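Okay, here's what each chain looks like letter by letter:
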Amino acid sequence: MGKPTRWVTDTKPGHSQWYVDRFRRLAAEGADLAGEARLVDALVPPGARILDAGCGTGRVAGALAARGHTLVGVDADPTLVEAARADHPGPRFLVADLAELDLPAHGEPEPFDAAVVAGNVMTFVAPGTERAVLARVAAHVRPDGLVVVGFGTDRGYPVAELDADAVAAGLRLEHRFATWDLRPWHDGAEFAVTVLRRPA
Ligand SMILES: C[S@@+](CC[C@H](N)C(=O)[O-])C[C@H]1O[C@@H](n2cnc3c(N)ncnc32)[C@H](O)[C@@H]1O
């Protein structure tokens with residue numbers, strides 16, 4: 001594992017278990033936790049192979065697996081990965097650092113049709129590793145595959161930086177929206193959903 005993520009350095013002890021409990025409670029209450037998965041499902045062919053990068057409690061991977069896709073979820077936080085394995089039996093969940101991601105070394109040599117980086121993951125990576133994270137994620141996606149990234153725009157990672165990191169990672173900007181249900185992007189939008197494609 002490389003540098004500690006902001007998920008560790010910028011949160012209080014016990015935060016991971018609090019987060020697990022919160023998402024379990026929301027699921028039990030019937031909250032809609034699958035908005036990101038619905039968008040990704042619309043972008044890929046049926047039965048796609050999808051990487052959930054920074055999968056947390058596995059809610060996005062679980063929802064995509066329920067739609068018939070093959071999922072690998074990766075997160076640096078072992079507490080969240082343990083919860084993901086317990087709550088979503090379909091996908092394979094691994095503890096790994098996205099900045100050094102090497103899934104063939106974990107027995108996952110096949111490239112992915114798409115990767116989803118949802119829930120502010122890019123704003124929780126270790127400072128200065130954003131470009132490496134995007135590059136390692138992109139390297140696991142097949143040519144003509146997608147990387148879909150969503151994060152709040154007031155969390156220290158401007159979209160202009162994402163765009164520069166995407167170019168460095170060999171990705172092309174295809175779409176940007178203000179929400180996962182595709183409200184139009186505009187300057188000052190509080191959230192950015194960005195669809196990047198690896199050229200064929
Ligand atoms: C707010 S959570 C979002 C979890 C999940 N994507 C979701 O939307 O439910 C942010 C996650 O990013 C993960 N993360 C941050 N940097 C990471 C890195 N370098 N490698 C793997 N996971 C990372 C954290 O461990 C945390 O689980």
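For the protein chain, an unreviewed UniProt entry supplies the name Methyltransferase domain-containing protein and the organism Micromonospora humi.

*Asks:* Is there a simple way to explain the layout of surface pockets in this structure?
*Replies:* A water-sized probe rolled over the atoms picks out the places where empty space is left. Within this model, the largest pocket holds a volume of roughly 770 Å³. Among the secondary structure elements, those contributing two or more residues to the lining of the largest pocket are helix H1 (6-9), helix H2 (15-28), helix H3 (35-43), helix H4 (59-66) and strand E2 (70-75). Looking at the lining of the largest pocket element by element, the count peaks at three residues for H2. Classifying every residue of the lining of the largest pocket by side-chain character gives 22 nonpolar, 10 polar and nine charged.

*Asks:* Sorry, what's going on with the nonpolar core here?
*Replies:* The nonpolar side chains of a soluble globular protein tend to be buried with one another. Judged by nonpolar contacts, the single largest core of 32 residues is most densely connected at Leu51, Val74, Val137, Val147 and Val149. Setting aside anything within four residues of it in sequence, one finds Val149 in contact with Val117, Met122, Leu134, Leu162, Trp180, Ala192, Val193, Thr194 and Leu196. Among the nonpolar cores identified, the runner-up in size contains 25 residues, and Ile50, Phe93, Trp180 and Val193 belong to it.

*Asks:* So what exactly am I meant to see when it comes to the UniProt feature "domain: Methyltransferase" (unreviewed entry) in the protein chain here?
*Replies:* This chain's UniProt record puts "domain: Methyltransferase" (unreviewed entry) on residues 50-145. The annotated region residues 50-145 carries 29% helix and 26% strand content, and the separation between its end C-alpha atoms amounts to 10 Å.

*Asks:* Teacher, can you tell me more about the site of the ligand here?
*Replies:* Around the ligand, the structure places 19 residues, and the nearest of them are Gly54, Arg59, Asp75, Asp97 and Leu98. Contact distances for the ligand include 2.7 Å between an oxygen atom and a side-chain N or O atom of Arg59. The separation between an oxygen atom of the ligand and a polar side-chain atom of Asp75 is 2.6 Å. When isolated, the ligand has an accessible area of 600 Å², and the protein chains bury 98% of it. With respect to the pocket detection grid, the ligand is positioned in the largest pocket. Of the residues contributing to the shell around the ligand, the split by class is 11 nonpolar, four polar and four charged.

What counts and how
- Residues numbered from 1 in each chain as written.
- Predicted model: local features only at pLDDT ≥ 70, side-chain atom pairs only at ≥ 80, totals over all residues.
- Heavy atoms only, no water.
- 1 Å grid on protein atoms, 1.4 Å probe; cavity = no way out; pocket = protein on both sides within 12 Å on 5 of 7 lines; lining within 4 Å.
- Points joined across faces, edges and corners; volume = space filled by probe spheres on them.
- Helix = DSSP H or I, 4+ residues; strand = E, 2+ residues; numbered from the N terminus.
- Nonpolar A, V, L, I, M, F, W, Y, C, P; charged D, E, K, R; others polar.
- Core = buried A, V, L, I, M, F, W, Y, C linked by side-chain atoms within 4.5 Å.
- Buried < 20%, exposed > 50% of the residue type's maximum accessible area, 1.4 Å probe, protein only.
- Contact = heavy atoms within 4.5 Å.
- UniProt positions renumbered as here; feature names shortened; annotations may be inferred.
- Near = heavy atom within 4 Å.
- Polar contact = N/O pair within 3.5 Å; in protein donor to acceptor, adjacent residues only side chain to side chain.
- Areas by Shrake-Rupley, 256 points an atom, 1.4 Å probe, with all protein chains shown as cover.
- Sits in = over half its atoms within 2 Å of the grid points.

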